[in-house]
Amino acid sequence: MRAEWRARIAAEYTSAAITQNLTLWLIQGSAPPDLIDTSLAIVADELAHSRLSHDVYVAAAGTEPPQIIQADLGLHRRGSLVDDILHCAVRVFCLGETVAVPLFKHLRERCTEPVARGALDRILRDEVRHRDFGWDLLDWLCTIDDTVPVRVAPQLPAMLGELEASYGTANPTVADDTGAMTDAERAWGLAPPREYAAILAETIARDYRPRFAARGISI
């Protein structure tokens, strides 16, 4: 339980840094002010999530500092500015933040430890806005470049493969999981790896396919 919340401290902190980097790109790309404002708000959200995760970790008697990898604290230019914004929008937000909503909802359902429940209440509420930001950002990119849909489609298999390697059965930890978990662990906001895989599969069918299809992108 402590290891999971310790990892979340670093994950949320890293997300803040990535979004901060994206915000600079949006400013440089003359994105609409509303998108820039939302991106800045997400940075603050992710830092708050990191602090809340730390509070839970301490409440669970955690003492080791989080392992934050400096090389992951930002984005790297790959091509044109629009292409780089597009890659981040789809990979981090349309995919990552969209599946985060049902994942955190699931973790919250059986979480009863007050500190952990309070953290998941805030995180889940914010993740909805983060998800919506990704799709709004993709929509804006489609308005400034009508080739976006045909450029996104070839990138999706690799991006979905990353998710499968993390949350799906492509991850040996998930594939070999028996689903065993105590009520005490669930009370702290944990769930077995195989439940993550089931949620990812549901998200692909329920969210990814129709949302991308609405924008002329097939997966």
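Keep in mind it's a predicted model, so treat the numbers as computed, not measured.

S.K.: Quick one: what's the story with the overall build of the chain, residue by residue and with numbers?
M.R.: In terms of regular secondary structure, the chain is built from nine helices and zero strands. Moving toward the C terminus, one meets the helices and strands of the chain in the order α-α-α-α-α-α-α-α-α. The C-alpha radius of gyration of the chain comes to 18 Å, within 12% of the 17 Å expected for a compact globule of 219 residues. With the C-alpha coordinates of the chain rotated into their principal frame, the extents come out at 50 × 30 × 30 Å. Counting all 219 residues of the chain, 45% fall into the buried class. Put simply, of all contacts in the chain between residues at least 6 apart along the chain, 78% involve residues at least 24 apart.

S.K.: Explain the environment of Lys 105 to me, using residue names and the numbers behind them.
M.R.: Structurally, Lys 105 is set in helix α3 (residues 81-109). When its relative accessible area of 44% is taken as the criterion, Lys 105 is described as partly exposed. With 51 residues separating them in the primary sequence, Lys 105 and Leu 156 have C-alpha atoms 25 Å apart. Looking at Lys 105, its side chain comes within polar contact range of the side chain of Glu 109, at 3.1 Å.

S.K.: Please provide a residue-by-residue account of the side chain of Asn 21, values included.
M.R.: Structurally, Asn 21 is set in helix α1 (residues 2-28). A relative accessible area of 18% places Asn 21 in the buried class. Here the side chain of Asn 21 touches Leu 75 through a polar contact of 2.8 Å, landing on its backbone nitrogen. For Asn 21, the residues in contact, after removing those within four places along its chain, are Gly 74 and Leu 75.

Reading the values: rules and limits
Residues numbered from 1 in each chain as written. Predicted model: local features only at pLDDT ≥ 70, side-chain atom pairs only at ≥ 80, totals over all residues. Heavy atoms only, no water. Helix = DSSP H or I, 4+ residues; strand = E, 2+ residues; numbered from the N terminus. Rg over C-alpha atoms; globule rule 2.2 N^0.38 Å. Buried < 20%, exposed > 50% of the residue type's maximum accessible area, 1.4 Å probe, protein only. Contact = heavy atoms within 4.5 Å. Polar contact = N/O pair within 3.5 Å; in protein donor to acceptor, adjacent residues only side chain to side chain.

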